[in-house]
Amino acid sequence: TCSVCGKTKTDAIPKKEAATQEPPKKGDVVADDKASVTVEVTDVAKKEVEYKEPTDKKAKTVSIPATVKVDGVTYKVTKIDDNAFKGCSSLTSVTLPSKATKIGANAFNGCKKLKTIKITSTKLTSKTVAKNAFKGLTKATTIKVPKKKLSAYKKLFKQKGLSSKVKVKGY
């Protein structure tokens with residue numbers, strides 16, 4: 001409104017562009033929107049990520065989500081990275097998501113207090129589980145697996161460094 005003549009003119013003000021972030025690229029290590037996990041983008045097209053490590057190294061229980069949101073985009077968590085829990089000395093329980101198809105080398109090595117690993121995935125194979133994935137676990141640990149995969153997983157995990165003292169049970 002003009003302060004001299006009183007005329008009113010309406011003008012469109014151009015919308016300010018929000019600072020948009022580039023979507024994560026393959027190999028980018030990012031935190032999810034809740035900043036509860038650190039993941040690495042492994043496949044942008046399929047929207048797949050690998051679980052790197054818990055953000056809280058002193059966490060007692062970790063439940064890896066089946067999916068994470070990064071910048072509002074949902075990604076499937078399909079791999080547990082090499083050394084993911086190495087040095088998580090207070091960890092007592094880990095749950096792996098149903099979409100997990102790969103477990104990296106030494107993923108649980110050094111988890112001396114780990115009592116339970118619950119694996120909900122039925123898609124693990126000798127090609128997708130690293131050689132030393134279960135190395136370093138003690139008889140204090142019990143691995144719970146889907147009942148229909150019990151015998152297959154028992155054999156698989158032993159090939160992948162699991163001590164014969166570690167119990168593998170079906171649920």
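Scroll up a little and you will see the structure.
Calculation notes
- Residues numbered from 1 in each chain as written.
- Predicted model: local features only at pLDDT ≥ 70, side-chain atom pairs only at ≥ 80, totals over all residues.
- Heavy atoms only, no water.
- Helix = DSSP H or I, 4+ residues; strand = E, 2+ residues; numbered from the N terminus.
- Rg over C-alpha atoms; globule rule 2.2 N^0.38 Å.
- Contact = heavy atoms within 4.5 Å.
- Areas by Shrake-Rupley, 256 points an atom, 1.4 Å probe, with all protein chains shown as cover.
- Lys, Arg positive; Asp, Glu negative; His and termini not counted.
- Charge placed at Lys NZ, Arg CZ, Asp CG, Glu CD.
- Buried < 20%, exposed > 50% of the residue type's maximum accessible area, 1.4 Å probe, protein only.
- Pairing = 2+ DSSP bridges.
- Core = buried A, V, L, I, M, F, W, Y, C linked by side-chain atoms within 4.5 Å.
- Phe/Tyr/Trp six-rings, centres within 6.5 Å; stacked < 30°, edge-to-face > 60°.
- Lys NZ or Arg CZ within 6 Å of the ring centre and 35° of its normal.
- Axes fitted to C-alpha atoms, helices over the stretch in contact; angles between N-to-C directions.
- Salt bridge = Lys/Arg side-chain N within 4 Å of Asp/Glu carboxyl O.

### With respect to the overall build of the chain
Per the secondary structure count, the chain includes 1 helix and 11 strands. Secondary structure elements of the chain occur, N-terminal to C-terminal, as β-β-β-β-β-β-β-β-β-β-α-β. Computed over C-alpha atoms, the radius of gyration of the chain comes to 23 Å, more than 25% over the 16 Å expected from 2.2 N^0.38 for 171 residues, which places it beyond the range of a compact globule. Structurally, the chain occupies a C-alpha span of about 90 × 30 × 25 Å along its principal axes. Pairs at least 24 residues apart make up 56% of the contacts formed inside the chain by residues separated by at least 6 positions. Counting every atom, the chain has about 10300 Å² of accessible surface; 51% of that belongs to carbon and sulfur. The centroid of the 39 positive side-chain charges in the chain is displaced by 15 Å from the centroid of its 15 negative side-chain charges.

### Remarks on the side chain of N106
Following the sequence through the fold, N106 ends up in the loop between β8 (102-103) and β9 (116-119). Residues within four places of N106 in sequence aside, it is in contact with N83, N132, A133 and K135.

### Structural notes on the pairing of strand β3 (residues 48-54)
Taken across its 7 residues, β3 has 5 buried, putting it largely inside the fold. Where strand β2 (residues 37-43) lies against β3, 6 bridges are found, and the strand directions are antiparallel. Opposite V37, over in β3, you have P54 as the bridge partner. Two successive antiparallel strands, β2 and β3, enclose a turn made up of 4 residues, where K47 displays a positive phi of approximately 55 degrees. Of the pairings in the sheet, the one linking β3 to strand β6 (residues 73-80) comprises 4 bridges and is parallel in character. Paired with Y51 across the bridge in β6 is I80.

### Brief notes about the nonpolar core
Side chains of nonpolar character tend, in soluble globular proteins, to be buried together. Residues F85, I103, F108, I119, F134, I143 and F157 are the most contacted members of the largest nonpolar core, which totals 39 residues. When contributions to this core are tallied by element, the ones reaching two or more residues are β2, β3, β5 (67-70), β6, β7 (93-96), β9, β10 (142-145) and α1 (150-159). Residues contacting F85, with those up to four places away along its chain left out, are Y51, P54, V62, I64, I80, L91, V94, A107, F108, N109 and C111.

### Topic: the packing of aromatic side chains
Throughout the structure, instances matching the rule amount to 5 aromatic pairs. What links up through ring pairs into an aromatic cluster is the set Y51, F85, F108, F134, Y153 and F157. Above the plane of the ring of Y171 lies K118, whose end atom (NZ or CZ) is 4.7 Å from the centre.

### Topic: the sheet that holds β9
Across a sheet, strands are paired by hydrogen bonds formed along the backbone, either parallel or antiparallel in direction. If you trace the 5 strands from one edge of the open sheet to the other, you get β4-β7-β9-β10-β11, paired in parallel fashion. Each edge of the open sheet carries a strand with a single partner, namely β4 (61-63) and β11 (167-170). Neighbour-to-neighbour, the strand axes of this sheet turn through a mean angle of 15 degrees, independent of strand direction. In this sheet, β11 lies alongside β10 in parallel orientation, the contact comprising 4 bridges. Bridge pairing in β11 links K144 to K169.

### A look at the pattern of salt bridges
Scanning the entire structure with this criterion turns up 7 salt bridges. Put simply, K25 and D28 hold a salt bridge, and the shortest N to O gap is 4.0 Å. Since its relative accessible area comes to 54%, K25 is described here as exposed. Judged by its relative accessible area of 25%, D28 falls in the partly exposed class. Across the salt bridge formed by K79 and D82, the nearest N and O atoms sit 3.9 Å from each other. The structure contains a network of salt bridges with shared partners spanning E40, E50, K52, K79, D81 and D82.

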